[in-house]
Structures are given as structure tokens and as C-alpha cells.
Amino acid sequence: MLRAVELVANYEGILKRVAAAASRPVTLVAVSKLKPASDIAALYAHGVRHFGENYVNELVTKAAELPSDIKWHFIGSLQSNKCKELAKIPNLYAVETVDSVKKVRKLQEARAAHGGLPINVYLQINTSGEDNKSGLSVANVDETLEVARAVVAAESLVLAGLMTIGLIEQSKREDGNSDFARLVKLAGEVEAALGVSGLELSMGMSSDFEEAIAQGSTSVRVGSDIFGSRPPKV
Ligand SMILES: *Cc1c(COP(=O)(O)O)cnc(C)c1O
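About the criteria used
Residues numbered from 1 in each chain as written. Predicted model: local features only at pLDDT ≥ 70, side-chain atom pairs only at ≥ 80, totals over all residues. Heavy atoms only, no water. Helix = DSSP H or I, 4+ residues; strand = E, 2+ residues; numbered from the N terminus. Rg over C-alpha atoms; globule rule 2.2 N^0.38 Å. Buried < 20%, exposed > 50% of the residue type's maximum accessible area, 1.4 Å probe, protein only. Contact = heavy atoms within 4.5 Å. Areas by Shrake-Rupley, 256 points an atom, 1.4 Å probe, with all protein chains shown as cover. Lys, Arg positive; Asp, Glu negative; His and termini not counted. Charge placed at Lys NZ, Arg CZ, Asp CG, Glu CD. Polar contact = N/O pair within 3.5 Å; in protein donor to acceptor, adjacent residues only side chain to side chain. Axes fitted to C-alpha atoms, helices over the stretch in contact; angles between N-to-C directions. Parallel < 35°, antiparallel > 145°, perpendicular 65-115°, else oblique. Left-handed = near helix turned anticlockwise from the far one by under 90°. Nonpolar A, V, L, I, M, F, W, Y, C, P; charged D, E, K, R; others polar. Near = heavy atom within 4 Å. 1 Å grid on protein atoms, 1.4 Å probe; cavity = no way out; pocket = protein on both sides within 12 Å on 5 of 7 lines; lining within 4 Å. Sits in = over half its atoms within 2 Å of the grid points.

1. Considering the overall build of the protein chain
Helix and strand counts for the protein chain come out as ten helices and nine strands. By the compact-globule yardstick of 17 Å for 234 residues, the protein chain fits well, its C-alpha radius of gyration being 17 Å. Principal-axis analysis of the C-alpha atoms gives the protein chain an extent of 50 × 50 × 35 Å. The 234 residues of the protein chain split such that 50% are buried. At a minimum sequence separation of 6, the contacts of the protein chain that also span at least 24 residues come to 59%. Accessible surface computed for the protein chain: about 10,700 Å², of which carbon and sulfur atoms make up 53%. Here the protein chain contributes 26 positive and 28 negative side-chain charges, whose respective centroids are spaced 4 Å apart.

Right, here's the structure in full:
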């Protein structure tokens with residue numbers, strides 16, 4: 001009971017800060033990875049529906065035991081061989097870490113075969129250029145356009161937007177986070193090339209969501225500031 005009160009207070013606190021930073025609607029995704037289903041249930045009872053998870057097996061288990069109107073966002077690094085299992089989750093709402101045509105095809109095939117609402121796809125962009133980060137290279141616009149076109153052509157998928165994990169150090173700069181600026185610029189290029197508009201920008205986490213919103217984020221992913229610190233992944 002105390003835990004539920006704490007979680008709701010944390011969530012409401014973040015929601016207030018999001019509202020204060022934003023002049024337009026911004027989705028707050030509660031990142032619940034490595035946290036128990038009971039935590040999610042407590043926030044669900046408070047009306048929260050958008051939750052983010054990083055591990056396919058964990059998400060499959062939680063989705064099966066929690067209410068079916070939860071809008072799950074998969075935000076973890078995505079392996080091709082896990083796309084099928086992921087897309088079979090009927091209330092999977094979004095996959096935010098798509099970075100290849102192969103993964104687009106696998107998600108499409110599985111969703112078409114198993115039914116469910118179309119999956120909102122975000123292309124993950126490596127905006128910092130670090131080799132160890134996953135995502136499409138921000139420098140290779142053509143490759144991003146190729147993957148974006150594959151999503152648009154896939155009947156069971158919707159091109160929702162772009163996602164990045166910006167470098168935290170960047171957010172402390174006075175002139176803004178250049179990772180976030182690069183994602184905004186790329187979204188404009190994708191919109192122009194594909195003739196679409198209103199692509200979402202998923203950027204910003206506990207430590208930098210206000211900066212991300214100031215730079216145009218429409219969806220922030222907040223974990224530790226809502227749920228507390230996480231146990232190490234085993
Ligand atoms: C874990 C995670 C988050 C949440 O991070 P916090 O710092 O706990 O808010 C957001 N986005 C991604 C991709 C993550 O893996």
C-alpha cells in the first residue's frame with residue numbers, strides 16, 4: 001500500500017514537470033524494466049497506461065499477467081530473432097528500437113499472422129555516433145529513409161517517429177543537447193522525403209527529459225525517477 005502511494009506521488013511529480021516543460025501534449029512512458037508487476041498494477045490503478053520495457057522475455061511475462069489495455073512500449077535493444085515473440089503480444093503498442101529492414105519484415109510478418117492493432121514503430125537513431133550504441137547512423141540518411149519506407153509499406157506497422165538515447169553529458173550544455181538537435185533535424189528530413197508529417201520524437205529520460213521537451217520531444221521515457229533505482233540486470 002505504501003509502495004503504491006509512493007509510486008503515484010513520483011509519477012504525479014514527473015507529470016507536473018513534464019507539463020511545466022511542455023507547450024504541447026507529451027506522452028510520459030513509465031519505464032518499468034526489472035520492476036515487479038505489482039508496481040505496474042499500482043500505477044495502472046491510478047490510470048497510467050503507457051509502460052516501457054527492455055527485455056522481451058520479461059515483457060511477455062508481464063503482458064500476460066497484467067491488464068490487456070496497457071499500451072506496452074518495447075524500448076530495449078532488439079534482436080531479429082526476438083521480433084516474432086514481441087509482435088505476438090496483442091497489446092504491444094510500440095517498438096521504439098527498430099533499426100533495420102530485416103526487423104521491419106519480421107515484425108510485420110508476425111503481427112499479420114497473429115493479429116492485433118498495428119504496431120507503432122520508432123526508428124532508433126544513433127545520434128552520438130558512438131560505436132557501442134545501437135541504432136541507425138545519423139550520418140546515413142538514406143539508410144534511415146529505406147527503413148522508414150519499409151515501415152510505411154508494412155500493413156501491420158505504423159511509422160510513429162524517431163527515437164534516440166542522447167548522451168547525458170550533452171544535456172548539461174547551455175546550448176542544448178546536440179543529440180536531440182540531430183534527431184529533430186533528421187525527423188524533418190524524413191518527413192520531407194516521405195511526404196509525411198507529425199512524426200513523434202521519443203527522447204529524454206529521468207536525467208534529461210525537461211531538456212528533451214524543450215528541444216521538441218513528444219514522448220519521454222522515465223524509469224528511475226518514478227520507480228527508484230533498479231537492481232542490476234542478471
Ligand atoms: C532504462 C531506459 C530508460 C529509463 O531510464 P531512467 O534513467 O531510469 O529514466 C529510458 N530509455 C531507455 C531506452 C532505457 O533503456
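2. Describing the side chain of Ser 206
Within the secondary structure layout, Ser 206 lies in the loop between strand E8 (200-202) and helix H9 (209-214). Here Ser 206 falls in the buried class, since its relative accessible area comes to 13%. Of the polar contacts made by the side chain of Ser 206, one reaches the side chain of Ser 224; its length is 3.5 Å. A distance of 3.1 Å separates the side chain of Ser 206 from the backbone nitrogen of Asp 225, its partner in a polar contact. Not counting chain neighbours up to four residues away, the residues in contact with Ser 206 comprise Arg 221, Val 222, Gly 223, Ser 224 and Asp 225.

3. Digging into the packing of helix H6 (residues 141-153) against helix H8 (residues 178-194)
The N-to-C vectors of H6 and H8 enclose an angle of 55 degrees; their axes lie 10 Å apart at closest approach. The angle between the axes of H6 and H8 places the two elements in the oblique class. Pair H6 / H8 crosses with right-handed handedness. Counted together, Val 141, Thr 144, Leu 145, Ala 148, Arg 149 and Val 152 of H6 and Leu 186, Glu 189, Val 190, Ala 193 and Leu 194 of H8 form the full contact between these two elements. The residue makeup of the contact of H6 with H8, split by class, is eight nonpolar, one polar and two charged.

4. Regarding the site of the ligand
Taken together, 13 residues sit near the ligand, with Lys 33, Asn 54, Ser 206, Gly 223 and Ser 224 positioned nearest. Contact distances for the ligand include 2.7 Å between an oxygen atom and a side-chain N or O atom of Asn 54. The contact in question runs from a nitrogen atom of the ligand to an N or O atom on the side chain of Arg 221, over 2.9 Å. Calculation on the ligand without its partners gives an accessible area of 390 Å², and the protein chains cover 90% of this total. Cavity membership is defined here by more than half of the atoms lying within 2 Å of grid points; on that basis the ligand lies in the largest pocket. Among the residues forming the shell around the ligand, the class breakdown is six nonpolar, four polar and three charged.

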